[in-house]
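So you can see what is in the structure, the chains are spelled out below.
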Amino acid sequence: MKIWQWFSLAAPILALALTGCGGSSTNNKGAGGHVYDIKGKVTVVDPSKEKPIKIDHEDIPGHMPAMEMEFKVADVKMLEGIQVGDQVQGKLEKRDTGDVIVKLEKR
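Following the criterion strictly, the structure yields 6 salt bridges and no others. Note that Lys49 and Glu70 form a salt bridge whose closest N and O atoms lie 3.1 Å from each other. Of the two residues, Lys49 sits in the loop between strand S2 (34-45) and strand S3 (53-57) while Glu70 sits in strand S4 (residues 67-73), which places them 21 residues apart along the sequence. Classification of Lys49 by relative accessible area gives partly exposed; the value is 37%. Across the pair Glu93 and Arg95 runs a salt bridge, and its minimum N-O distance is 2.5 Å.

As structure tokens, this is what we get:
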């Protein structure tokens, strides 16, 4: 088999492997990685911390089960007006450096 024949056969397979299979509509690619929907109840808000918000969140399908945990946020300004006890929803981006909430709003 000549090299160009091998490439013509391998290219579609390689392209499929690199793009991966499609996920659910809640999981898509952001600038840093996969983006997931997040919903839950705020249990701590402290803008002075590295992980300024703690959320008791529902299951994040394809990423993690329901649990209470602290999160980094892309911009601390998105926490303005959000208080302990608020029900929130938003977008969580999986990055090489860890999970980061990139969008958050009250439900």
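Now that the structure has been shown, we can carry on.
Here the focus is the nonpolar core. Ranked by size, the top nonpolar core spans 16 residues in total, and within it Ile53, Ile55, Phe71, Ile101 and Leu104 carry the most contacts. For this core, the secondary-structure elements that each account for two or more residues are S2, S3, S4, strand S5 (87-95) and strand S6 (98-106). Among the elements that make up this core, the one with the highest residue count is S2 (3 residues). Residues contacting Ile101, with those up to four places away along its chain left out, are Ile53, Ile55, Phe71, Lys72, Val73, Ala74, Met78, Lys91 and Leu92.

Conventions adopted
- Residues numbered from 1 in each chain as written.
- Predicted model: local features only at pLDDT ≥ 70, side-chain atom pairs only at ≥ 80, totals over all residues.
- Heavy atoms only, no water.
- Salt bridge = Lys/Arg side-chain N within 4 Å of Asp/Glu carboxyl O.
- Helix = DSSP H or I, 4+ residues; strand = E, 2+ residues; numbered from the N terminus.
- Buried < 20%, exposed > 50% of the residue type's maximum accessible area, 1.4 Å probe, protein only.
- Core = buried A, V, L, I, M, F, W, Y, C linked by side-chain atoms within 4.5 Å.
- Contact = heavy atoms within 4.5 Å.

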